[in-house]
Amino acid sequence: MSFRKVNIIILVLAVALFLLVLHHNFLGLSSLLKNEVSDSGIVGLQPIDFVPNIPRHVVDGRQEEIPVVIAASEDRLGGAIAAINSIQHNTRSSVIFYIVTLNGTADHLRSWLSSSTLKSIRYKIVNFDTKLLEGKVKEDPDQGESIKPLTFARFYLPILVPSAKKAIYMDDDVIVQGDILALYNTPLKPGHAAAFSEDCDSTSTKVVIRGAGNQYNYIGYLDYKKERIRKLSMKASTCSFNPGVFVANLTEWKRQNITNQLEKWMKLNVEEGLYSRTLAGSITTPPLLIVFYQQHSTIDPMWNVRHLGSSAGKRYSPQFVKAAKLLHWNGHFKPWGRTASYTDVWEKWYIPDPTGKFSLIRRHTEISNIK
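Residues numbered from 1 in each chain as written. Predicted model: local features only at pLDDT ≥ 70, side-chain atom pairs only at ≥ 80, totals over all residues. Heavy atoms only, no water.

A.B. asks: Please explain the overall build of the protein as it appears in this structure.
C.D. replies: Secondary structure assignment for the protein yields 13 helices and 11 strands. With 371 residues in all, the protein has 51% of them scored as buried. Looking at the protein alone, contacts between residues at least 24 apart form 75% of all its contacts between residues at least 6 apart. Here the protein has roughly 18,600 Å² of accessible surface; of this, 55% comes from carbon and sulfur atoms. (Helix = DSSP H or I, 4+ residues; strand = E, 2+ residues; numbered from the N terminus. Buried < 20%, exposed > 50% of the residue type's maximum accessible area, 1.4 Å probe, protein only. Contact = heavy atoms within 4.5 Å. Areas by Shrake-Rupley, 256 points an atom, 1.4 Å probe, with all protein chains shown as cover.)

The structure is reproduced here in structure tokens:
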């Protein structure tokens, strides 16, 4: 073999090796971008620069891309992890998680996701800018949520998910047992920017709550003694809805300036105190009730089976809990605490914190039984 042929063979091998290394590096970069793209953005008045990859699955002959927005505070981070895990394992659709948190929690969240079975999910960590709430929230020691900014993240969906036409929002104290695609496909009537679960008509309310009085009516959330509320001409007996899980048409949301409307009522409450003093639930609910009065669609009640975080949740039968598409531990008792109902169902989806910062609070006898 001539010296020239040897040189050609060496050159070909070198080129092949170079292409192999280049391909390997490209795959590594692609995998990184698939999971998380630039999670250092701060939510403000400018859109977040995030373009998700093409979905990995094709459903019903077309590509599906389902944005799910969930807030993750440091003290409840395990809840968000369990919720995400349950969603991911019960669907074949391509889900993009927009996990909204504060600066101090981002690193903890990222390490939890990267070291667990969730490391292959597609997600975006979004840091919530608390300056958005200045002048719109009044701190009230009797209403603990007034000083928890992430409870208001749902008001800013078009900023959190700037490129989507539709999105799902859900609280961190839920477990999804059905295919999230079914919830995403909830039909919204023309002109409606969101679909909620009605309190009066929900399956969970009918089964569990008897004689609840005005707890599930507008009068339970708004102060009808105030002239500004009376001028709205909203019937006090109108059934309220639960904003812990909803589907949003973001195109319609932006067209109607829903975020601006919500902020308007937040400011007016700070100035005039428009919420009921015997508030039946979260302080994020009243402005939503006003803005969406008789202007929202409904979701299947089995997609927001509630009250598992109260004593009423103990009245559910195991068969009913198993049939629910989404379980919601709204109320004082959370499934990572001691006294919530059906914590065993929630724990099936919980992934222990590799850093050890978050741990379940359990009775000594429960811990002994687990061992």
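We are not done yet, so read on.
A.B. asks: Any chance you could explain the sheet that holds strand β10 (residues 297-298) here in plain terms?
C.D. replies: Two strands in a sheet stick together by hydrogen bonds in their backbones, pointing the same way (parallel) or opposite ways (antiparallel). The strand order across the open sheet built from 7 strands is β5-β4-β3-β6-β9-β8-β10, with neighbouring strands paired in mixed fashion. Lying at the two open borders of the sheet, with one neighbouring strand each, are β5 (122-127) and β10. Pairing between strand β4 (residues 95-101) and β5: 6 bridges, direction parallel. Directly across from I99, in β5, lies its bridge partner I125. (Pairing = 2+ DSSP bridges.)

A.B. asks: I would appreciate a short explanation of the layout of surface pockets in the present structure.
C.D. replies: Rolling a probe over the atoms, with the probe sized like a water molecule, indicates the empty space that remains. In this structure, the second largest pocket encloses a volume near 180 Å³. Residue lining of the second largest pocket: 10 residues in total, with L222, D223, Y224, K225 and S276 positioned closest to the centre. Here the residues of the lining of the second largest pocket are counted per class, giving 3 nonpolar, 3 polar and 4 charged. (1 Å grid on protein atoms, 1.4 Å probe; cavity = no way out; pocket = protein on both sides within 12 Å on 5 of 7 lines; lining within 4 Å. Points joined across faces, edges and corners; volume = space filled by probe spheres on them. Nonpolar A, V, L, I, M, F, W, Y, C, P; charged D, E, K, R; others polar.)

A.B. asks: Got a minute to help me understand the packing of aromatic side chains in this structure?
C.D. replies: Any aromatic ring pair is given by two values, namely how distant the centres are and how the planes are angled relative to each other. Tallying each qualifying case throughout the model produces 16 aromatic pairs. Note on F196 and F246: the rings are 5.0 Å apart at their centroids and 40° apart in plane angle, and the pair reads as tilted. Here F196 is found in strand β8 (residues 194-198), whereas its partner F246 is found in strand β9 (residues 241-249), with 50 residues between them in sequence. Per residue, the accessibility class of F196 equals that of F246, and both read buried. Here the aromatic cluster, defined as three or more aromatic residues joined through ring pairs, consists of Y169, F196, F241, F246, W253 and F292. (Phe/Tyr/Trp six-rings, centres within 6.5 Å; stacked < 30°, edge-to-face > 60°.)

A.B. asks: How should the nonpolar core be read in this particular structure?
C.D. replies: When a protein is soluble and globular, its nonpolar side chains tend to lie buried together. One finds V68, F97, I99, I168, M170, I180 and L183 to be the most contacted residues of the largest nonpolar core, which totals 55 residues. When residues of this core are assigned to their parent elements, the largest contribution, 7 residues, is made by helix α2 (residues 77-89). Those residues in contact with V68 that lie beyond four places of it in its chain are I87, V95, I96, F97, Y98, I168, M170 and I180. Core analysis: the next-biggest nonpolar cluster, separate from the first, contains 50 residues, I159, A164, A194 and L288 among them. (Core = buried A, V, L, I, M, F, W, Y, C linked by side-chain atoms within 4.5 Å.)

A.B. asks: Explain the state of the cysteines here, please?
C.D. replies: Two cysteines joined by a covalent bond between their sulfur atoms form a disulfide. Throughout the structure, instances matching the rule amount to 1 disulfide. In this model, C200 is linked to C239 through a disulfide, with the two sulfur atoms separated by 2.5 Å. What sets the handedness of the C200 and C239 disulfide is the S-S torsion sign, and at about 120° it is right-handed. With a gap of 39 residues between them, C200 in the loop between β8 and α6 (203-208) and C239 in the loop between α7 (227-230) and β9 connect regions that are remote in the sequence. For C200, a relative accessible area of 32% translates into the label partly exposed. Given the relative accessible area of 17%, C239 is considered buried. (Disulfide = S-S within 2.5 Å.)

A.B. asks: Even after reading the chapter, I still don't get the pairing of β9, so can you show me in this structure?
C.D. replies: Within a regular beta strand, the side chains point alternately toward one face of the sheet and then the other, so they alternate between its two faces. Here β9 lies mainly inside the structure; 8 of its 9 residues are buried. As defined by bridge partners, strand β6 (residues 166-170) adjoins β9 across 5 bridges and the pair is classed as antiparallel. Bridging across to β9, A167 finds its partner in A248. Bridging between β8 and β9 involves 4 bridges; their strand directions are antiparallel. Bridging from a neighbouring strand, A195 pairs with V247 of β9.

A.B. asks: Sorry if this is basic, but what is going on with the packing of α2 against helix α3 (residues 103-114) here?
C.D. replies: Geometry of a packed helix pair, given as the angle between the helix axes and the separation of the axes. In the contact formed by α2 and α3, the axes pass within 11 Å of each other and the chain directions differ by 40°. By the criterion of interaxial angle, the relationship of α2 to α3 is oblique. Note on packing geometry: the crossing formed by α2 with α3 is right-handed. Taking contact as the criterion, the partners of L77, G78 and I81 in α2 are, on α3, T105, H108, L109, W112 and L113. Across the contact of α2 with α3, the residue classes break down as 5 nonpolar, 3 polar and no charged. (Axes fitted to C-alpha atoms, helices over the stretch in contact; angles between N-to-C directions. Parallel < 35°, antiparallel > 145°, perpendicular 65-115°, else oblique. Left-handed = near helix turned anticlockwise from the far one by under 90°.)

A.B. asks: How should I be thinking about the side chain of S197 in this particular structure?
C.D. replies: By secondary structure assignment, the location of S197 is in strand β8. In terms of polar contacts, S197 uses its side chain to reach the side chain of R306, at 3.0 Å. (Polar contact = N/O pair within 3.5 Å; in protein donor to acceptor, adjacent residues only side chain to side chain.)

A.B. asks: Looking at this model, I keep getting lost on α2. Mind explaining?
C.D. replies: Side chains three or four residues apart in an α-helix point the same way, a direct result of the helix having 3.6 residues per turn. Between its first and last C-alpha atoms α2 spans 19 Å; for 13 residues at 1.5 Å apiece the expected length is 18 Å, and the two agree. Buried residues dominate α2, accounting for 11 of its 13 residues. For α2, the set of buried residues is L77, G78, G79, A80, I81, A82, A83, I84, N85, S86 and I87. (Expected span 1.5 Å × (residues − 1).)

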